Amino acid sequence: MSFADRPSLLRGAFVGLALLVALVAWLATRGDTDEPVAAEETAQTRVVSAADLGDAAALNGHPVYWAGPIAGTALELTESEGDVQVRYLEDDSEAGGESAAALTVGSYPLADPAGAIRTLAGEPGATVRRSKDGREVVVSSENPTSAYFASPDDSVQVEVYDPSPKRALALALSPKVRPAG
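Now for a quick tour of the structure. (Residues numbered from 1 in each chain as written. Predicted model: local features only at pLDDT ≥ 70, side-chain atom pairs only at ≥ 80, totals over all residues. Heavy atoms only, no water.)

## Description of the layout of surface pockets
Thinking step 1. As a volume, the second largest pocket reaches approximately 220 Å³.
Thinking step 2. As for the second largest pocket, its lining consists of 13 residues, of which R135, E136, A150, S151 and P152 are closest to the centre.
Thinking step 3. Elements that contribute at least two residues to the lining of the second largest pocket include exactly α4 (113–121) and β8 (143–150). (1 Å grid on protein atoms, 1.4 Å probe; cavity = no way out; pocket = protein on both sides within 12 Å on 5 of 7 lines; lining within 4 Å. Points joined across faces, edges and corners; volume = space filled by probe spheres on them. Helix = DSSP H or I, 4+ residues; strand = E, 2+ residues; numbered from the N terminus.)

So this is what it looks like as structure tokens:
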């Protein structure tokens, strides 16, 4: 005897399959919302004063590094999920712009910043330099416009980005790049 010979079995199998499909669809989508979360919603970008950088460090629970005051620039602070970036905008630039031509110092809390630096130092094409105060600075040949080091308290990895690779490295090696506050 086949399903075609028994219409009630065919209907029951169809209803059971439909319920199974509905259950799988519900499980796959429960917790989804109709509103996508954009990166702009989680990142906060604003022009700040030097004093505000110390407040940002207190709020984020880790040091916020910067390169000190630079004449003719405004400080742009971007915070996103603990990561903090300080970008030096020319006075006529607008906060939140897409310009990659600005000096930027990032402070990124990691579980093991010194370990991340050691890993980067071990990659092919990496250059390791030591600052006068003992800071180990690493630059990758794949990304020479960024120089990285771990904070002395090993709470953050610091990135110094500049369109000029020489300036990025020089600043990372200098005492100018330091915690705010």
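## Observations concerning the sheet that holds strand β3 (residues 73–80)
Thinking step 1. One open sheet holds the eight strands; their spatial order is β1-β3-β4-β5-β9-β8-β7-β6, and the pairing between them is antiparallel. Edge positions in the open sheet fall to β1 (44–48) and β6 (126–130), since each of these has one partner strand only. Ignoring strand direction, the axes of neighbouring strands in this sheet form an average angle of 20°.
Thinking step 2. Contacting β1, β3 and β4 (83–90), helix α3 (residues 50–60) runs over the sheet at an angle of about 10° to β3.
Thinking step 3. Relative to β8, α4 is tilted by about 140°, and along the sheet it contacts β6, β7 (136–140), β8 and β9 (156–161). (Pairing = 2+ DSSP bridges. Axes fitted to C-alpha atoms, helices over the stretch in contact; angles between N-to-C directions. Contact = heavy atoms within 4.5 Å.)

## What to know about the packing of aromatic side chains
Thinking step 1. Scanning all chains against the criterion turns up one aromatic pair.
Thinking step 2. Judged by centre distance (5.8 Å) and plane angle (80°), the ring pair of Y65 and F149 falls under edge-to-face. Note that Y65 is positioned in strand β2 (residues 65–66) and F149 in strand β8, a separation of 84 residues in sequence. Per residue, the accessibility class of Y65 equals that of F149, and both read buried.
Thinking step 3. Across the ring face of F149, the terminal group of R135 is positioned such that the distance to the ring centre comes to 4.0 Å. (Phe/Tyr/Trp six-rings, centres within 6.5 Å; stacked < 30°, edge-to-face > 60°. Buried < 20%, exposed > 50% of the residue type's maximum accessible area, 1.4 Å probe, protein only. Lys NZ or Arg CZ within 6 Å of the ring centre and 35° of its normal.)

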